[in-house]
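Remarks on the overall topology
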Amino acid sequence: MELTNLILNNIPAGEVKTSFNKDSNDKKVYIETYGCQMNYSDTEIVLSVLSDFGYNETGDINDSDVILLNTCSIREHAEHKIYKRLDDLKKYKVRNPNLIIGILGCMAERLRDDLLEKRKIVDVIVGPDEYRKVPHLIDNAIETGEKGIAVKLSRVETYDDIAPLRREGVTAWISIMRGCDKFCTFCVVPFTRGRERSRNSANIVNEAKRLFDEGVKDIWLLGQNVNSYLYEDKDFSGLLKDVAVAVPKMRIRYTTSHPYDLSLKLLETMAEHKNICNYIHLPLQSGSDRVLKSMNRLYTVEQYMNVMKKSREMMPDIGLSTDIISCFPGETEEDHKMTLDVIREVRYDGAYTFVYSPRENTKAFFLKDEIDQDTKTRRLDEIITLQRKISVDINKELVGKTKSVLIESLSRKSDEFYMARTDCNKSVIIPIETGHVNESGVLKMKRTYKIGDMVNVRINKANSATLFGEAA
Ligand code: SAH
Ligand code: SF4
Ligand code: F3S
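This section reports on the structure supplied with the text. (Residues numbered from 1 in each chain as written. Chains lettered and ligands numbered in written order. Predicted model: local features only at pLDDT ≥ 70, side-chain atom pairs only at ≥ 80, totals over all residues. Heavy atoms only, no water.)

Some remarks on the site of ligand 3
- Taken together, Cys36, Asn39, Thr71, Cys72, Ser73, Ile74, Cys106, Val189, Arg193 and Gln224 make up the full set of residues adjacent to ligand 3.
- Partitioning the shell around ligand 3 into residue classes produces 5 nonpolar, 4 polar and 1 charged.
- Looking at which domains feed residues into the shell around ligand 3, each of domain 1 (4-150) and domain 2 (169-277) supplies at least three. (Near = heavy atom within 4 Å. Nonpolar A, V, L, I, M, F, W, Y, C, P; charged D, E, K, R; others polar. Domains from an automatic or database assignment.)

Quick look at the structure:
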């Protein structure tokens, strides 16, 4: 076990070879992805690397030779979910002892020893910067039965030369940078994904053009902290502008940005280019300066509010969302109320809210967590209830208005409806069939639009998360 690890970590990434070649390999890979969009985007890179060695993706777990879980470590709950999933997977291994099970992503990086020693069914463990080695490790595990592990973090790997293997659809991700140097005291990401590094800007622009040619209508530029993007002298607003100009008919979005680095220049670039969506997801985490300091977030509430104010001034119908961590160690009732105050003042369109989850080896792990469970439940509840009410109020104000939406996919709940999205990132459910009365006065159902179309839609109903409408 140890030996495999050592050997693989010493092979330069470019030299990894496998004895499978494209023509003789008939192995099928089933992959499940958990966590953030970066992980979903990484899955496309892994599939691309695997397809170069002849592996095919299958959507049927029962028909697979290899099962990969691309995992997340952000909170304890995310890791529990994977451990439970590994228990479920035992039955597949019993049925097919040759089945290879691999763990990719942030848990591979953080919990490699535990996975290797205690989870006997795991054959392959690969961290986020070692995906070029996935085919080799699988190949080796199939041939020798040895476990394989590659979890070195890199200062340079960006997979810049790998064209992600995308699934069908009009929305696509482009990773523009990897890693994070911010070291918020609660967060595992700097440990699981390593140091910040940015991709070649010309290659990002070319990828956007290629995606447009392939029929993609909406792209997300991804990074843990896109505002720290820097390639040669190109910063994030420079890159965003280049992409907006190169694909003027493409909708462009980005996530996630850190309030500390969000520049006026970026807001100006967004306001200047019609195809850059009016939407910012800007994690607040807490409305108390004392807590923000203890989190090492590097901004004050006042600075954060200035960014919000400026963005609304420059783009009046901008969509704004945030992340909030409730009950960080030492959070008092007063701190909690300050968070509620900021939520009330900003009036976010939506928020992702979490109770603080202690993560081993982070700085916050060593802070005393004295908030009892009932208080944690209540505070989170108060945040969710307040935000939900604000979201409903904002969405109800849209009823009767007409919005331009991009039809992205079938609705998850019913194949009689499409899921479309507004420029400011609100989902709108619209019927696939619309009625029209023909010359003889008979009501006919007619499909008037398809996935990928931009349609003007009149909003006729709304709840906190979704709008409902019909073609205007
Ligand atoms: N890079 C992004 C966030 C990535 S993680 C940023 O800084 O904006 C997504 C969200 O998970 C964070 O914004 C935070 O709200 C939450 N999160 C991260 N670590 C957490 C922890 N230990 N406990 C609870 N929530 C956490
Ligand atoms: Fe984690 Fe902070 Fe980096 Fe976001 S900016 S990934 S919360 S360390
Ligand atoms: Fe999770 Fe790793 Fe993303 S910890 S949130 S998958 S960067």
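Back to the write-up after that little detour.
Structural notes on the packing of helix 10 (residues 264-272) against helix 12 (residues 301-314)
- Direction vectors running N to C along helix 10 and helix 12 enclose 25°, while the axes themselves pass 10 Å from each other. Put simply, helix 10 runs roughly parallel to helix 12. Both helix 10 and helix 12 take part in a crossing whose hand is right-handed. Here Leu264, Leu267, Glu268 and Ala271 of helix 10 come into contact with helix 12, specifically with Val307, Lys310, Ser311 and Met314. (Axes fitted to C-alpha atoms, helices over the stretch in contact; angles between N-to-C directions. Helix = DSSP H or I, 4+ residues; strand = E, 2+ residues; numbered from the N terminus. Parallel < 35°, antiparallel > 145°, perpendicular 65-115°, else oblique. Left-handed = near helix turned anticlockwise from the far one by under 90°. Contact = heavy atoms within 4.5 Å.)

Some points on the site of ligand 2
- Around ligand 2 sit Cys180, Lys182, Phe183, Cys184, Phe186, Cys187, Val189, Pro190, Gln224, His258 and Arg297, and that is every residue in its neighbourhood.
- Residue composition of the shell around ligand 2, grouped by class: 7 nonpolar, 2 polar and 2 charged.

A word on the environment of Ile174
- Structurally, Ile174 is set in strand 7 (residues 171-175).
- For Ile174, a relative accessible area of 0% puts it in the buried group.
- On a C-alpha basis, the gap between Ile174 and Asp42 in space is 9.9 Å, while along the polypeptide they are 132 residues apart.
- Non-local contacts of Ile174, meaning those with residues more than four positions away in its chain, are made with Arg199, Ile204, Glu207, Ala208, Leu211, Ile219, Trp220, Leu221 and Leu222. (Buried < 20%, exposed > 50% of the residue type's maximum accessible area, 1.4 Å probe, protein only.)

Considering the pattern of salt bridges
- Under the criterion given, the structure shown has 39 salt bridges.
- Asp242 serves as the salt-bridge partner of Lys234, at 2.8 Å between the closest nitrogen and oxygen.
- Note that Asp453 and Lys450 form a salt bridge whose closest N and O atoms lie 3.2 Å from each other.
- Salt bridges sharing partners connect three or more residues here, namely Asp42, Asp129, Arg178, Arg193 and Arg197. (Salt bridge = Lys/Arg side-chain N within 4 Å of Asp/Glu carboxyl O.)

Quick look at the nonpolar core
- Grouped together as the largest cluster of nonpolar side chains are 61 residues, with contacts concentrated most on Ile176, Ile219, Phe236 and Met270.
- Each of domain 2 (169-277) and domain 3 (288-397) gives at least three residues to this core.
- Residues within four places of Ile176 in sequence aside, it is in contact with Ser198, Arg199, Ile204, Leu221, Leu222, Val226, Tyr229, Phe236 and Leu239. (Core = buried A, V, L, I, M, F, W, Y, C linked by side-chain atoms within 4.5 Å.)

A few points about helix 12
- Helix length check: helix 12, at 14 residues, gives a terminal C-alpha distance of 20 Å against a target of 20 Å (1.5 Å per residue), a fit within 8%.
- Buried within helix 12 we find Val301, Tyr304, Met305, Val307, Met308 and Ser311. The arc that holds the buried residues of helix 12, viewed along the axis, is 155°, so those residues lie on one side. Opposite the buried face of helix 12, at more than 90 degrees from it, the exposed residues are Glu302 and Lys309.
- Lining the buried residues of helix 12 we find helix 10, strand 14 (279-281), helix 11 (289-294), strand 15 (319-326) and helix 13 (333-346). (Expected span 1.5 Å × (residues − 1). Arc of directions from axis to C-beta.)

Observations regarding the layout of surface pockets
- Roughly 500 Å³ of internal volume is contained in the second largest pocket.
- Along the walls of the second largest pocket sit 23 residues, with Arg251, Lys274, Ser404, Asp423 and Met454 positioned nearest its centre.
- Counting residues per element, the ones that place at least two in the lining of the second largest pocket are helix 10 and strand 17 (402-410).
- The element best represented in the lining of the second largest pocket is strand 17, accounting for 3 residues.
- Here the lining of the second largest pocket is composed, by residue class, of 9 nonpolar, 6 polar and 8 charged.
- The two domains that each donate at least three residues to the lining of the second largest pocket are domain 2 (169-277) and domain 4 (402-471). (1 Å grid on protein atoms, 1.4 Å probe; cavity = no way out; pocket = protein on both sides within 12 Å on 5 of 7 lines; lining within 4 Å. Points joined across faces, edges and corners; volume = space filled by probe spheres on them.)

With respect to the side chain of Lys376
- Position of Lys376 among the secondary structure elements: in helix 14 (residues 373-396).
- Not counting residues within four places of it along the chain, the set of residues in contact with Lys376 comprises Cys327, Val355, Asp369 and Ile371.

Describing the packing of aromatic side chains
- Evaluation of the coordinates by the stated rule reveals 10 aromatic pairs.
- Ring centres of Tyr40 and Trp173 lie 6.0 Å apart, and the angle between their planes is 45°; on these two criteria the pair is classed as tilted. Of the two residues, Tyr40 sits in helix 2 (residues 37-52) while Trp173 sits in strand 7, which places them 133 residues apart along the sequence.
- By relative accessible area, which is 33% here, Tyr40 ends up partly exposed.
- Here Phe365 and Phe366 contribute two aromatic rings whose centre-to-centre distance is 5.7 Å and whose plane-to-plane angle is 90°, an arrangement assigned as edge-to-face.
- In textbook terms, an aromatic cluster arises when at least three aromatic residues are bridged by ring pairs, as seen for Phe186, Phe328 and Tyr356.
- Positioned over the ring face of Phe354 is Arg75, at 3.6 Å from the centre of the ring.
- When the ring centre of Phe468 is taken as reference, the NZ or CZ atom of Lys461 above it lies at 4.7 Å. (Phe/Tyr/Trp six-rings, centres within 6.5 Å; stacked < 30°, edge-to-face > 60°. Lys NZ or Arg CZ within 6 Å of the ring centre and 35° of its normal.)

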